[in-house]
Amino acid sequence: KQEVTQIPAALSVPEGENLVLNCSFTDSAIYNLQWFRQDPGKGLTSLLLIQSSQREQTSGRLNASLDKSSGRSTLYIAASQPGDSATYLCAVGGDSWGKLQFGAGTQVVVTP
Amino acid sequence: KAGVTQTPRYLIKTRGQQVTLSCSPISGHRSVSWYQQTPGQGLQFLFEYFSETQRNKGNFPGRFSGRQFSNSRSEMNVSTLELGDSALYLCASSLVGQPSGNTIYFGEGSWLTVV
């Protein structure tokens, strides 16, 4: 059974610092891994999707890496801003249609 | 283009009642999936529909059911509500479903409180 873990559960950084968020999974037989952002009381917004054959994806200040063999993914957010404050979730897609296995998320606060 | 629309956004129900939640996917998306989000359990997969067929179902009791219509709109129903069903119910749509390379789009959710 796939288990997805995100550590730390919460993180506070001053504006301008780089953010590093970690995600680990127990079963390396994945199709893809996605990172999402969730603002309080809102739905999820897809940030980056990495296919199993890829090592990383980049979008603006965001970069996500994937190491299937070690069961790890890392989301880097460069030069953090207060608007980056949110909960960040990673999710793994396996061979089960429609089902994403989510981690519990990392709550990020960027202080001005 | 319009995003994923969920209605109602907020509702309060009494134990034992039933509830129906609605989801309108992005135009052209044929896959709709549902998730339950609670502080204790996080996001848990309920079921996924594609072209009116349930392709997958999560580990929830039979009180949880759903369906998808020919226009891809989807509904989920929870019968005989229990206090533990209080949660944010999220609907998501994508072109052909996960785990494809298609982006998945989530609605803002329906907040259900059972009293």
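Residues numbered from 1 in each chain as written. Chains lettered and ligands numbered in written order. Predicted model: local features only at pLDDT ≥ 70, side-chain atom pairs only at ≥ 80, totals over all residues. Heavy atoms only, no water.

Visitor: Explanation requested: the pattern of salt bridges in the structure shown.
Guide: Between side chains of opposite charge, a pair can form when the charged atoms approach closely. Summed over the entire model, instances satisfying the criterion amount to 10 salt bridges over all chains. One salt bridge connects K1 of chain A with E3 of chain A, and the closest N-O pair in it is separated by 3.9 Å. Residue K1 of chain A is classed as exposed on the basis of its relative accessible area, which comes to 86%. The shortest N-O distance in the salt bridge between R9 of chain B and E108 of chain B comes to 3.4 Å. Of this pair, R9 of chain B sits in the loop between β1 (5-7) and β2 (10-13) while E108 of chain B sits in the loop between β10 (105-106) and β11 (110-114), placing them 99 residues apart in sequence. Taking relative accessible area as the criterion, R9 of chain B reaches 26% and is therefore assigned partly exposed. (Salt bridge = Lys/Arg side-chain N within 4 Å of Asp/Glu carboxyl O. Buried < 20%, exposed > 50% of the residue type's maximum accessible area, 1.4 Å probe, protein only. Helix = DSSP H or I, 4+ residues; strand = E, 2+ residues; numbered from the N terminus.)

Visitor: Quick question: what am I supposed to make of the nonpolar core here?
Guide: One recurring pattern in soluble globular proteins is that nonpolar side chains are buried together. If you look at the biggest cluster of nonpolar residues, it comprises 22 residues, and the most contacted ones within it are F25, L33, W35, L75 and Y88 of chain A. Every residue in contact with L33 of chain A, bar those within four places of it in the chain, is listed here: C23, F25, L48, L49, I50, L66, S73, C90, A91 and V92 of chain A. Counting 21 residues, the second-largest nonpolar core is a separate cluster that includes M76, C91, L112 and V114 of chain B. (Core = buried A, V, L, I, M, F, W, Y, C linked by side-chain atoms within 4.5 Å. Contact = heavy atoms within 4.5 Å.)

Visitor: Before we go on, may I ask you to explain the state of the cysteines in this structure?
Guide: Among covalent bonds in proteins, the disulfide is the one between the sulfur atoms of two cysteines. Under the defined criterion, the tally for this structure stands at two disulfides over all chains. Between the sulfur atoms of C23 of chain A and its disulfide partner C90 of chain A the distance amounts to 2.0 Å. Its torsion about the S-S bond being 75°, the disulfide of C23 of chain A and C90 of chain A is classed as right-handed. Note that C23 of chain A is positioned in strand β3 (residues 19-25) and C90 of chain A in strand β9 (residues 86-93), a separation of 67 residues in sequence. Accessibility expressed as a relative area gives 0% for C90 of chain A, which makes it buried. The disulfide bridge from C23 of chain B ends at C91 of chain B, spanning 1.7 Å between sulfur atoms. In this structure, the disulfide formed by C23 of chain B and C91 of chain B twists by about -55° around the S-S bond and is classed as left-handed. Of the two residues, C23 of chain B is situated in strand β3 (residues 19-24) and C91 of chain B in strand β9 (residues 87-94); the sequence distance between them amounts to 68 residues. Judged by relative accessible area, C91 of chain B falls into the buried class, the value being 0%. (Disulfide = S-S within 2.5 Å.)

Visitor: Any chance you could explain the environment of S22 of chain B here in plain terms?
Guide: All names here are of chain B. Relative to the helices and strands, S22 resides in strand β3. A relative accessible area of 14% means that S22 is categorised as buried. Sequence-distant contacts of S22, defined by excluding residues within four places in its chain, comprise T5, Q6, T7, W34, R73, S74 and E75. Within the structure, S22 has its side chain in polar contact with the side chain of R73 (distance 2.9 Å). (Polar contact = N/O pair within 3.5 Å; in protein donor to acceptor, adjacent residues only side chain to side chain.)

Visitor: Any chance you could explain the sheet that holds strand β1 (residues 4-7) of chain A here in plain terms?
Guide: Neighbouring strands of a sheet are bound in pairs by backbone hydrogen bonds; such pairs are parallel or else antiparallel. Residues and elements named next belong to chain A. Pairing is antiparallel across the open sheet formed by five strands, whose spatial order is β1-β3-β8-β7-β6. The sheet terminates laterally at β1 and β6 (56-59), the two strands that pair on one side only. Between one strand axis and the next, the sheet turns through 15° on average, direction left out of account. Pairing of β1 with β3, which is carried by four bridges, proceeds in the antiparallel orientation. The partner of I7 across the bridge, within β3, is N22. (Pairing = 2+ DSSP bridges. Axes fitted to C-alpha atoms, helices over the stretch in contact; angles between N-to-C directions.)

Visitor: Which parts of the structure should I look at to understand the interface of chain B and chain A?
Guide: Interfaces are frequently sized by the accessible area removed from exposure as the parts join. Opposite the 24 residues of chain B that make contact, chain A presents 21 residues. Summed over both sides, the interface between chain B and chain A buries roughly 1800 Å², with carbon and sulfur atoms accounting for 58% of that surface. Looking only at chain B, the three residues that lose the most surface to chain A are L43, Q98 and P99 of chain B, adding up to 31% of its buried area. Here chain B and chain A share one salt bridge between them. Of all elements in the fold, only β4 (31-38), β5 (42-50), β6 (53-57) and β9 of chain B reach the threshold of two or more residues within the side of chain B that touches chain A. (Buried area = accessible area lost by both parts, 1.4 Å probe.)

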